Amino acid sequence: MLSHIPQAAQDADANIKLAKEIIGNCVHCGVCLSRCPTYAVRHEENDSPRGRIFLIKGMYEKGGAPDARTVEHLDRCLTCLACEAICPSGVEYSKLIAHGREYVEQHYRRPLFQRVVRESLIKLLPNAGLFRKAIALGRLARPARGLFSGTLRAMIDMVPANSLPAPSSVDRPQTFAVKPGTARRKRVALLNGCVQTVLDTAINEATIRLLQRHGVEVVVAQGSGCCGAPAEHMGAEDKALPLVKANIDAWLREADGPEGLDAVIINTSGCGTSVKAYGHTMRLDPQWADKAARVSAMARDISEFMTEIGLMPAARPTGMRVVYHSACSMQHGQRIINQPKDLLRAAGFTVLDVPEGYLCCGSAGTYNLLQPDIAQQLKERKVRNIRSVSAQVAASGNIGCMTQLAGEVGIPFVHTVELLDWATGGPEPAALAKAQMVAD
Amino acid sequence: MQMPEPSQAIMNQRDALAVALRQIVGQEWVISDEAERRPYQCDGITAYMAMPLLVVLPGSAAEVQQILRLCHEKGVKVVPRGSGTSLSGGALPLEDGILLVTSRLCNVLEVDAANRVARVQPGVPNIKISEAVQHLGLCYMPDPSSQLISTIGGNVAENAGGVHCLKYGVTANHILGLEAVLMTGEILHLGGAYLGAAEGELDLMGVLTGSEGLLAMVTEIAVRLEPVPEVARVISMSFPSVEEACACVGAIVGAGIIPAGLEFMDRKVLDAVSVLIRETFDSSTAALLLCELDGTAVEVDALVDVVSDVARAQGAIETKVSTTEEERQRIWSSRKLAFSAIGKLCPDYYCTDGTIPRNKLPEVLNKMADMSVKYGLDYANCFHAGDGNLHPIIMYDAAKPGDLEKAEAFGADVLIACVDAGGVLSGEHGVGVEKRDLMTHQFTEIDLNQQQMVKCAFDPAELLNPGKVFPTACRCAEFGRMHVRNGAVRFPDIPRF
């Protein structure tokens with residue numbers, strides 16, 4: 001599609017020049033609308049990928065500060081990337097929307113409330129200590145939830161009903177050697193994440209056990225932490241970059257050390273999409289571009305890595321019916337579709353797909369907090385679809401989706417690695433054991 | 001592209017009109033902000049853009065009726081739009097007209113498995129009908145390549161075809177009933193949940209199907225459901241030359257076989273879709289035919305052998321038969337996404353839609369090669385070979401001055417060649433604005449006058465989608481047949497719809 005973005009703007013900003021090329025690849029066929037969650041809810045071109053491409057085009061053509069309506073429609077995008085995954089013309093929407101959002105944050109002054117919420121989230125999420133305090137605060141506010149609406153109520157509702165697990169010792173920097181008597185096949189770094197270390201410590205614990213059992217040494221590298229995605233999704237590149245650089249440094253220190261590193265393992269697909277894009281994020285910085293590209297090339301979702309090294313035979317017959325919810329960052333962002341399901345099958349589970357599986361559950365990082373209305377509609381639709389297949393347990397590879405859906409689907413919701421760990425000799429996932437006790 | 005001169009007087013009333021329309025559909029469903037109207041400037045053809053006066057998204061048929069009544073009263077033009085995938089510019093907005101978008105009317109209202117009928121709203125994407133009835137072993141057969149998102153209302157407006165229309169027929173063959181609203185707000189109920197018009201009545205449903213939004217707004221459709229064929233397999237046949245592939249098309253049909261689909265893709269298209277299809281093609285392959293055979297297992301097995309033999313006799317390098325349903329789906333999805341995949345090869349493309357007798361395929365394709373040299377523009381071919389429905393994809397760069405004009409002239413030459421070969425301007429994309437000015441090449445003035453009189457009978461004020469299909473404005477006032485004079489209708493004895 002032809003755009004008329006002024007040459008001067010393109011010369012001044014490499015991201016605008018890139019945007020012009022990306023827009024040029026769009027032929028306006030409309031296929032992306034069929035997969036877009038916001039279009040499924042709103043049925044309005046401005047809330048579709050094709051519409052947002054037009055809006056971004058208009059924003060750059062006009063220059064200066066974008067108007068409030070354009071910003072609202074760009075905000076409504078979940079960045080689920082279902083559009084990019086189905087686009088036959090290869091339009092790189094992810095880059096277009098990411099740089100578009102940076103432009104918005106640089107040129108548009110948001111109303112005070114939005115600014116406070118966004119800045120708080122950017123500070124809170126990557127910091128486990130602060131995040132814990134915020135959850136405690138949210139719990140206090142719960143009885144008064146009726147007094148709040150919109151984002152604030154969504155925040156209060158997001159606070160887990162159960163008490164938080166104690167911080168896990170596995171999330172501290174250290175090395176987990178393979179079990180004595182097992183040959184070391186690989187050595188990997190694990191991204192423990194930010195939110196995950198607060199909300200559900202069992203996921204990293206299960207991941208480490210699973211890897212160790214398969215002869216893989218796991219390093220939690222000193223200095224690694226939040227991948228930077230929460231800030232990046234809100235267009236705050238300046239806040240994301242220090243986190244990105246810290247991770248790159250931490251992992252390359254290991255990779256270039258005497259022991260070396262075969263991969264960076266990520267068990268939260270939202271973070272995986274982000275780490276795999278480090279190469280693009282840092283491409284214009286000559287000091288970091290190569291290093292970032294190296295890290296991106298080493299990044300693997302745990303399901304990709306387990307597929308590569310091969311899953312050992314199941315230690316116990318589980319035979320459970322698992323409904324597998326593929327996170328958007330997994331299926332669209334990273335195009336990992338069959339590996340998690342194949343691993344679950346190999347581990348002895350019966351795997352069921354979610355109808356309309358391409359649709360986002362509405363979690364989408366901080367989206368459920370910033371756009372509670374659309375998020376709620378998508379959540380209800382996803383819950384209906386998951387319930388429709390009558391499974392015994394639901395599994396996913398992304399903490400965000402698990403938090404969004406766990407309380408609603410009527411069955412235990414666990415991470416894929418927890419099931420793989422259990423089937424190959426680890427403990428039964430806590431959520432399953434608890435459900436079993438209730439049933440007994 | 002010459003469009004009717006916009007009326008400044010109407011454009012000046014934009015704000016007042018927005019207020020009146022918001023009373024009908026609610027605040028948020030009238031889009032008046034300029035930034036938000038911009039994404040509605042074009043449909044599937046980006047070469048033609050116009051800023052709509054307002055964009056209106058009704059939530060019910062009753063709202064459609066009120067909107068049309070209001071616009072009729074105020075003399076405001078109305079352009080209907082579904083998902084905006086038209087390849088003929090059928091939903092190109094008018095600066096002095098509202099864009100009436102059906103995307104919120106997207107419910108499957110009723111599925112009647114016993115009678116194999118579904119009642120649906122016009123904004124339902126084509127594929128959603130089949131998805132809604134797949135648990136019953138049924139489907140909606142017409143499958144235009146845009147079916148993931150193109151709406152059934154738009155399919156009715158364009159009388160859309162698709163891969164499977166060779167065996168199963170086009171949209172018109174699968175529509176059993178329509179509810180439509182005239183520009184005056186009058187509601188028509190046409191057809192019913194059965195096939196064919198009642199005896200002695202005009203087939204007005206047939207008139208509306210393919211009328212490109214010029215006659216009425218369709219607000220409900222009863223579609224025919226078909227059983228999903230027990231078995232379907234697709235044979236990929238590669239040929240060393242375009243001529244041999246074309247000859248094979250005639251040979252298959254000549255052997256007495258009506259495949260479920262028979263599609264042609266040339267080398268350029270193959271290279272563009274090879275990633276989607278997850279296959280690479282031998283360097284000697286110049287063209288690929290995809291032939292789908294469906295029916296009972298025994299029938300399909302027998303037909304596969306016959307078609308494979310025919311292909312080999314016609315010089316096929318290789319014939320491959322799909323072995324799983326997943327493989328078959330993948331092959332078809334690559335074909336259906338082929339147009340968009342061409343977007344990877346060039347900044348812009350222009351796809352046209354002439355249809356010719358099968359035996360003229362080699363002749364017209366050769367002419368196309370000459371035209372490509374003449375205009376200096378590359379092109380690719382991907383089309384419904386079985387029914388001679390050509391879709392040359394002309395590649396150009398809108399940023400290059402004069403390129404679009406050359407592409408348009410190339411496209412026009414192709415269409416003229418189609419008509420001269422005994423064919424027609426459009427197989428399934430419609431005339432819209434894209435082929436409008438070529439109508440005089442296919443039709444005589446008498447033909448066109450007659451067609452315009454139909455338009456005038458439905459919409460004498462010429463407010464519905466004007467500037468489309470006909471190269472000149474209709475002369476409804478001149479025809480004047482249906483005008484009410486002093487409250488008395490002429491020829492009161494003739495039954496009216």
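Since the structure is predicted, the reported quantities are computational estimates derived from the model, not experimental observations.

1. Thoughts on the environment of Asn-107 of chain B
Residue and element names in this part refer to chain B.
- By secondary structure assignment, the location of Asn-107 is in the loop between β4 (97-101) and β5 (108-112).
- Look at Asn-107 and you get partly exposed, because 13 C-beta atoms sit within 10 Å.
- Taking C-alpha positions, Asn-107 is 33 Å from Tyr-349, a pair spaced 242 residues apart along the chain.
- Sequence-distant contacts of Asn-107, defined by excluding residues within four places in its chain, comprise Gln-121 and Val-124.

2. Some words on the domain arrangement of chain B
All names here are of chain B.
- Assigned domains within chain B: domain 1 (8-101), domain 2 (108-227), domain 3 (231-340) and domain 4 (346-434).
- Computed over C-alpha atoms, the centres of domain 2 and domain 4 are 28 Å apart.
- Here the residues of the side of domain 2 that touches domain 4 sort into 6 nonpolar, 1 polar and 2 charged.

3. A word on the nonpolar core
- Core analysis: the largest hydrophobic core is formed by 282 residues, its most contacted members being Val-264 of chain A together with Val-56, Val-223 and Leu-289 of chain B.
- No other element matches the 7 residues that helix α14 (residues 237-255) of chain A contributes to this core.
- Once you skip the residues sitting within four places of it in the chain, Val-56 of chain B turns out to touch Leu-21, Val-25, Trp-29, Val-30, Ile-67, Ile-98, Leu-99, Leu-100 and Val-101 of chain B.

4. Here's the deal with the sheet that holds strand β1 (residues 30-31) of chain B
All names here are of chain B.
- On the basis of which strands lie adjacent, the open sheet formed by 4 strands has the order β1-β2-β4-β3 and mixed pairing. The strands lining the two open edges of the sheet, one partner per strand, are β1 and β3 (77-81).
- Both β3 and β4 contribute to a ladder of 5 bridges, which runs parallel. Each residue of the ladder has a partner; that of Pro-80, found in β4, is Leu-100.

5. Here we look at the interface of chain B and chain A
- Taken residue by residue, the interface counts 32 residues in chain B and 25 residues in chain A.
- Elements with a contribution of two residues or more to the side of chain B that touches chain A: α3 (34-37), α13 (338-342) and β16 (348-351) of chain B.
- Of all the elements, α13 of chain B adds the most residues to the side of chain B that touches chain A, at 3 residues.

Cut-offs used in this document
- Residues numbered from 1 in each chain as written.
- Chains lettered and ligands numbered in written order.
- Predicted model: local features only at pLDDT ≥ 70, side-chain atom pairs only at ≥ 80, totals over all residues.
- Helix = DSSP H or I, 4+ residues; strand = E, 2+ residues; numbered from the N terminus.
- Buried ≥ 20, exposed ≤ 12 C-beta atoms within 10 Å, placed from the backbone.
- Contact = placed C-beta atoms within 7 Å.
- Domains from an automatic or database assignment.
- Nonpolar A, V, L, I, M, F, W, Y, C, P; charged D, E, K, R; others polar.
- Core = buried A, V, L, I, M, F, W, Y, C linked by C-beta atoms within 7 Å.
- Pairing = 2+ DSSP bridges.

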